[in-house]
Amino acid sequence: MKDWKVLLVDDEKEFVLTLAERLGMRGIQTETAFDGQSALKKLEVDQPHVMVLDLMMPGMSGLTVLERVKKLYPKMEVILLTGIGSTSEGVSGMKLGAYDYLMKPLQIEELIEKIGSAIKKGSSAK
Amino acid sequence: MRSLKDILSQLLEIPDEGTTPERYRIVRRNIAVLMLMITLIPLAMMTVINFYEYRAALRNEILTPMKALVNKAKHSFELFLASRLSTVNFIASAYTYDELADEKNLNRIFKVLKKEFEGFVDLGLIDSKGTQISYAGPYELQGKNYALQTWFEQVKVNGVHISDVFKGYRKFPHVAIAVQHISDSGKVWIVRATINTAKFDDLISSMGLDAESDAFLINRHGVFQTKSKFYGEVLDQCPVVPTKSFEPTVIEKIDPLGRDVFLSYAYFNQTDLVFMLIKPRSQVMKAWYTLSADLLMVLVIGVIVIIVVVLKLTGLMIQRMKESDDKRALALREVEHTHKLSSIGRLAAGVAHEVNNPLAVINEKAGLMKDVIEFTPDFPDKDRFLNLVRAIIQSVERCRSITHRLLGFARRMDVEVQVLDVNDVIKETLGFLEKEALYKNIQINLELPPDLPKIASDRGQLQQVFLNILNNALAAMGDGGTVAISSFERDSQMIGVTIRDTGHGMSEETLKHVFEPFFTTKKAGQGTGLGLSITYGIVKRLGGDIEVQSRVGRGTRFTVYLPKKTESEPGT
């Protein structure tokens, strides 16, 4: 768990920062981005194990970001967050290669579990 | 005073307003009156026209034979009189005065006469002074002088004379025929013969009249010349003397016996006689009475049939109209309801969206607080703060479930159709609830025939439908009870699923609102009041229908009908 690196992307700063802090308290390294563009920029510098991506964002939408990420870094696992709780959005994300999706508000334990299994999948694939 | 046009326009108007039963009553009355008018008026007119036409036609048909009979009888009489007259004339011309004056000779002539022509009673020769010169016959009339009698004067002037009927010396009816002859030498004599009127009676009886009818001769003064069956003897005065007409004429009269009669008569051309034929109207018009009774019967039956048919027909029409109006009203209500649902759905989605993000923030902040408290070893009042934070997180959790339900309500627009077995869907759904049922000691009875046709529908949404209904069923029951689920094929188009519980049931008032959004009987915080509204929306969306029956204390029965083939609208 100590060497997990996660990039959190959401336009709701309070949400992202708080979530980052909580994950940090559990020993998970986090990076944060508040929109798609800056998230992609951060990925150029360093690639985390998992990206937690909100689907509803102003500017570049979550699905577009997902598409780009999967193109550029096919091995990176992406967990989607969706505020609207719509299965169809989640499902179309899954079709684009997302690992899983969670509905907001989320439970931290569930998120950590998902991150863990995503990393496990990534490492076994390697 | 209203004009006919006003009345008609009022009848043709179908009121849109007014209370419904009143409106139907007016429409029915107007249609009935119109229909009766356009059927009964022509019928009545036809009947009246027929009545008069037939009567005129039939009258002619009846009266013509009467006239013909009179004409024939008149000719018979005239022929009879003419033949007797010419016979007497022949005798006067063929014999000399001396031959006729010789009693022996005259008797011989009279004998031949009686043999050849019936009816002659006597024959006599009278000189120009009116003295009976010779006589052949049953009476002693020799030497009698007729100079002062009117017939003698007339025969001197006209040359011939046919007398009225008289009884004279002989005391039974006779007619005298007298002919004056002037010889070449200028000598004048008169031959006079008497004939009895038995021949008249023979002629009348040969007409073959029925018992009710009468025929007789009168003279121009109305004195009976032959006996009448009803009105008098010979030489009595006849009560009626019709106006002069040589052509057979028919008039209607009330006779002295009080009978309504047809009187047919004709004046004789040569003599002072009138032939009269009387027939009772009732007898003559018998055919007409039968016909008019038939006509009346047809009219009455026609009117009754028309009235019955019109009333039945308008009743039926109004019934149909009412039904279609009701259907329309129902459809309108349904559209309204669906509309209400969809706008509430949109609103709910909006609210859920907006609320979800701040909720996520609250959730994370509270989570962080919890983390901080937990991770700090000697946090003051640790337990108390932890409880507070936990309460916040629990409340967020509750909000989350509400927003998810709201979103589910909005989401019902998306339909993903596949061919599926409804029995499987029911079993899957039951999987979610088995534990709760077990815990509440509720027995679940399934009656799912394996040969139920597969249908094209949305699995997820059907699950939600059954889940909502079953949730309500379980919630309606305390400890123990039975939920019975059965599926069946309703017809070639639809299948049905019935879910019956033995719970506390619903009141009529609750039933009315059961599918309305945010209507709930649960305690505040326990239900959103969206479950059955969502269910209703989904079922309608899938092209099906849902019915609910309930009795307080007895339980509730939901029946969901689903089409075998969905023609769902695309999601919005």
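Keep in mind that this is a model prediction, so the values were computed, not measured.

1. A closer look at the overall build of chain B
(1) Moving on: A tally of regular secondary structure across chain B gives 13 helices and 16 strands.
(2) Moving on: Pairs at least 24 apart in sequence give 61% of the contacts found in chain B among residues at least 6 apart.

2. Quick look at the overall build of chain A
(1) Moving on: In terms of helices and strands, chain A carries 5 helices and 5 strands.
(2) Moving on: Sequence-ordered secondary structure for chain A, helices as α and strands as β, is β-α-β-α-β-α-β-α-β-α.
(3) Moving on: Per-residue burial over chain A gives 43% buried out of 126 residues.
(4) Moving on: Long-range pairs, those at least 24 residues apart, make up 58% of the contacts in chain A between residues at least 6 apart in sequence.

3. Concerning the nonpolar core
(1) Moving on: Residues I177, V191, F275 and M276 of chain B are the most contacted members of the largest nonpolar core, which totals 54 residues.
(2) Moving on: With 8 residues, helix α2 (residues 20-94) of chain B is the single largest residue contributor to this core.
(3) Moving on: Among residues more than four places away in sequence, those in contact with M276 of chain B are A215, F216, I218, L263 and Y265 of chain B.
(4) Moving on: Judged by nonpolar contacts, the second largest core, of 41 residues, contains V6, L7, V16 and I28 of chain A.

4. Points about the packing of helix α2 (residues 36-45) of chain A against helix α3 (residues 62-72) of chain A
Residues and elements named next belong to chain A.
(1) Moving on: Running from N to C, α2 and α3 point in directions that differ by 20°, and their axes come no closer than 10 Å. The orientation of α2 with respect to α3, classified from their angle, is roughly parallel. The interaxial crossing formed by α2 with α3 has right-handed handedness. Together, G36, A39, L40 and L43 of α2 and T64, V65, R68 and V69 of α3 make up the contact between the two elements.
(2) Moving on: The residue makeup of the contact of α2 with α3, split by class, is 5 nonpolar, 2 polar and 1 charged.

5. Considering the confidence of the model for chain B
Fine structural detail should not be taken from predicted coordinates in areas where pLDDT scores are low.
(1) Moving on: Averaged over all residues, the pLDDT of chain B is 84; the fraction at 70 or higher stands at 92%.
(2) Moving on: Here residues 568-572 of chain B is modelled with pLDDT under 50, and outside its nearest four sequence neighbours on either side it reaches 9 contacts, counting other chains as well.

6. Notes on the environment of Y289 of chain B
Residue and element names in this part refer to chain B.
(1) Moving on: Within the secondary structure layout, Y289 lies in helix α8 (residues 286-375).
(2) Moving on: Residue Y289 is classed as exposed on the basis of its C-beta count, with 11 C-beta atoms lying within 10 Å.
(3) Moving on: Placed 234 residues apart in sequence, Y289 and R55 show a C-alpha to C-alpha distance of 9.5 Å.

7. Some remarks on the sheet that holds strand β1 (residues 120-127) of chain B
Residues and elements named next belong to chain B.
(1) Moving on: Reading across from one edge, β2-β1-β5-β4-β3 is the order of the 5 strands in this open sheet, with antiparallel pairing throughout. Edge strands, defined here as strands with exactly one partner in the open sheet, are β2 (132-136) and β3 (160-162). Here the average twist between neighbouring strands, direction ignored, is 15°.
(2) Moving on: Across 9 bridges, the pairing between strand β4 (residues 174-182) and strand β5 (residues 188-196) is antiparallel. From the neighbouring strand, I177 faces β5, where its bridge partner is A193.
(3) Moving on: Lying on the sheet, helix α4 (residues 103-116) is in contact with β1 and β2; it crosses β1 at an angle near 145°.

8. Here's the deal with the sheet that holds strand β8 (residues 260-267) of chain B
All names here are of chain B.
(1) Moving on: Spatially, β6-β9-β8-β7 is the arrangement adopted by the 4 strands of the open sheet, whose pairing is antiparallel. Looking along the sheet, the strands with just one partner apiece sit at the ends: β6 (214-219) and β7 (249-254). Strand after strand, the sheet turns through a mean of 30° between neighbouring axes, direction not considered.
(2) Moving on: With 7 bridges connecting them, β8 and strand β9 (residues 273-280) associate as antiparallel partners. Residue pairing in the sheet places V261 in a bridge with P280 of β9.

9. Looking at unusual backbone geometry
(1) Moving on: In this structure, the amide linkage connecting K104 of chain A to the following residue, P105 of chain A, adopts the cis form with an omega of -5°.
(2) Moving on: Examined against the element boundaries, P105 of chain A turns out to sit in the loop between β5 (100-103) and α5 (108-125).
(3) Moving on: For L235 of chain B, which is not glycine, the phi dihedral falls at a positive 75°.
(4) Moving on: Along the polypeptide, L235 of chain B turns up in the loop between β6 and β7.
(5) Moving on: The partly exposed category is assigned to L235 of chain B, around which 15 C-beta atoms lie within 10 Å.
(6) Moving on: The phi dihedral of D381 of chain B is positive, around 55°, even though this residue is not glycine.
(7) Moving on: Along the polypeptide, D381 of chain B turns up in the loop between α8 and α9 (382-411).

Calculation notes
- Residues numbered from 1 in each chain as written.
- Chains lettered and ligands numbered in written order.
- Predicted model: local features only at pLDDT ≥ 70, side-chain atom pairs only at ≥ 80, totals over all residues.
- Helix = DSSP H or I, 4+ residues; strand = E, 2+ residues; numbered from the N terminus.
- Contact = placed C-beta atoms within 7 Å.
- Buried ≥ 20, exposed ≤ 12 C-beta atoms within 10 Å, placed from the backbone.
- Core = buried A, V, L, I, M, F, W, Y, C linked by C-beta atoms within 7 Å.
- Axes fitted to C-alpha atoms, helices over the stretch in contact; angles between N-to-C directions.
- Parallel < 35°, antiparallel > 145°, perpendicular 65-115°, else oblique.
- Left-handed = near helix turned anticlockwise from the far one by under 90°.
- Nonpolar A, V, L, I, M, F, W, Y, C, P; charged D, E, K, R; others polar.
- pLDDT = per-residue confidence, 0-100.
- Pairing = 2+ DSSP bridges.

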